[in-house]
Amino acid sequence: MSSDLFPTVIETERLRLEPRTPDYVDVHELYRICSSSPEMGEVTRYLPWSPHETPKETFDFLRRGRQQRENHEMADYVVRLREGEDGAGELAGFGGLTLQWDRRSAELGLWLRRRFWGRGYSGERAAALLELAFERLDLELVRVAHDPENEKSRLAIEKYIGRFGGQRDGTFRNAAVGMDGSVVDQTHYTVTQTQWREATTGERTATMRWGDG
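Every chain is numbered on its own, with residues counted from 1 as its sequence reads. Owing to the predicted nature of the model, reporting of local features is limited to residues with pLDDT of at least 70; listing and counting of side-chain atom pairs is limited to 80 or more, with chain, interface and lining totals taken over all residues. Each side-chain value is derived from all of the structure's non-hydrogen atoms; neither hydrogens nor water enter the calculation.

## Quick word on the pairing of strand β8 (residues 183-192)
Then comes step 1: Here 6 bridges tie strand β6 (residues 141-146) to β8, and the two strands are oriented antiparallel to one another. When the sheet's bridge partners are listed, R143 is paired in β8 with T190.
Then comes step 2: Two strands form a pair only when DSSP identifies at least two bridges running between them. Numbering of helices and strands runs from the N terminus; a helix is a DSSP stretch of H or I covering at least four residues, while a strand is a stretch of E covering at least two. Of the strand pairs in this sheet, strand β7 (residues 167-177) and β8 are connected by 7 bridges, and their pairing is antiparallel. Looking at the pairing, R168 lines up with Y189 of β8.

## Quick word on unusual backbone geometry
Then comes step 1: Phi at D138 is positive, roughly 55 degrees, even though this residue is not glycine.
Then comes step 2: Topologically, D138 is positioned in the loop between α4 (121-136) and β6.
Then comes step 3: A positive phi is found at N174, a non-glycine position, where the angle reads about 50 degrees.
Then comes step 4: Of note, N174 is situated in strand β7.

## Regarding the nonpolar core
Then comes step 1: Joining through side-chain atoms within 4.5 Å is the link that ties buried Ala, Val, Leu, Ile, Met, Phe, Trp, Tyr and Cys residues into a set, and such a set is a nonpolar core. A simple rule labels every residue: compare its accessible area, found with a 1.4 Å probe on the protein chains alone, to the largest value its type can have, and call it buried under 20%, exposed over 50%, or partly exposed in between. If you look at the biggest cluster of nonpolar residues, it comprises 38 residues, and the most contacted ones within it are I10, Y77, L97, L108, L129, L132 and Y160.
Then comes step 2: For this core, the secondary structure elements donating two or more residues are β2 (15-19), β3 (74-81), β4 (91-100), β5 (105-112), α4, β6, α5 (151-163) and β8.
Then comes step 3: Residue contributions to this core peak at 9 residues, all from α4.
Then comes step 4: Counting 11 residues, the second-largest nonpolar core is a separate cluster that includes V25, V27, C34 and V78.

## Thoughts on empty space enclosed by the protein
Then comes step 1: A cavity here means a set of points on a 1 Å grid, drawn over the protein atoms and nothing else, where a 1.4 Å probe fits but cannot get out; a pocket is an open set with protein on both sides within 12 Å along at least five of seven lines, and a residue lines either one if it has an atom within 4 Å of a point. Grid points are joined across faces, edges and corners, and a volume is the space filled by probe spheres set on the points. Using the criterion set out here, one finds 1 cavity of 30 Å³ or more in the structure.
Then comes step 2: Considering only enclosed or pocket space, the largest cavity measures out at about 40 Å³ in volume.
Then comes step 3: As for the largest cavity, its lining consists of A127, E131, R163, F164, W196, T200, E203 and T205.
Then comes step 4: Residue assignment for the lining of the largest cavity shows that the elements contributing at least two residues are α4 and α6 (193-200).

## Some points on the packing of α4 against α6
Then comes step 1: Closest axis-to-axis distance for the α4/α6 pair is 10 Å, and the angle between their directions is 115 degrees. Taken together, the axes of α4 and α6 lie roughly perpendicular to each other. Crossing hand, α4 versus α6: left-handed. For the pair formed by α4 and α6, the contact residues are L130, E131, F134 and E135 on the first element and Q193, W196 and R197 on the second.
Then comes step 2: Side-chain classes are defined by residue name, with Ala, Val, Leu, Ile, Met, Phe, Trp, Tyr, Cys and Pro counting as nonpolar, Asp, Glu, Lys and Arg as charged, and the others, Gly among them, as polar. Across the contact of α4 with α6, the residue classes break down as 3 nonpolar, 1 polar and 3 charged. Only the stretch in contact is used when a helix axis is fitted, and all axes are lines through C-alpha atoms; the angle between N-to-C directions ranges over 0 to 180 degrees. Orientation is classified from the angle alone, with under 35 degrees giving roughly parallel, over 145 giving roughly antiparallel, 65 to 115 giving roughly perpendicular, and any other angle giving oblique. For any pair of crossing helices, the crossing counts as left-handed if the nearer helix is rotated counterclockwise from the farther one by less than a right angle, and right-handed if it is rotated clockwise. Contacts are residue-level and defined by heavy atoms, with any inter-residue pair within 4.5 Å sufficient.

## A look at the sheet that holds β5
Then comes step 1: Strand order in the open sheet formed by 9 strands is β7-β8-β6-β5-β4-β3-β2-β1-β9, and the pairing between neighbours is mixed. On the outer flanks of this sheet lie β7 and β9 (207-209), each paired with one strand and no other. Strand-to-strand, the axes of this sheet are offset by a mean angle of 25 degrees, without reference to chain direction.
Then comes step 2: Sheet topology places β3 next to β4; 7 bridges connect them, and they run antiparallel. Looking at the pairing, R80 lines up with L91 of β4.

## Here's the deal with the environment of A206
Then comes step 1: Locating A206 in the fold gives a position in the loop between α6 and β9.
Then comes step 2: With residues up to four places along the chain from it excluded, the contact list for A206 reads I10, E11, T12, A128 and E131.

Structure, rendered in structure tokens:
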């Protein structure tokens, strides 16, 4: 096993998660996906970033992912579909954990391309990352947030938060800063390690591997 804190590959029934770095993601492929388009305008409407304007911006995004991983600040992964899925091998989006080690907590994040919405991938990715957070990293709490107006995120988050015994903590005013510098509200949910263990009762949904493979 590698000495790396985070697994290199995480596999679930339908998804394969690989590091958000230039070593695992083709810059030009990702730029084509993340550059301005009607689809990405919809995807990023509630996200803290906007469509990429140049391939350099995409490369910097991937390089930051490698830096944050090496500094153990973030375990961020590209989400690809496994064999048997419609779009197998394609880059479907990203998902990861932003760590707050001093609080023994993390924030869960995800975005998916429009064509992959409505398939239950959000919950499947959440299950794998919660397992990483609680079983491997021994964190005490994971938080996830969404814009109060983002109904699709609300429905997806409430489904998997309920499955793992968590709760809605409420909508907090001026909780985050948007891309344009404006202050925005957020609705927060949390799951504790105790809640997760009681809800899963030993069930594991992901295979994690360190090193290439």
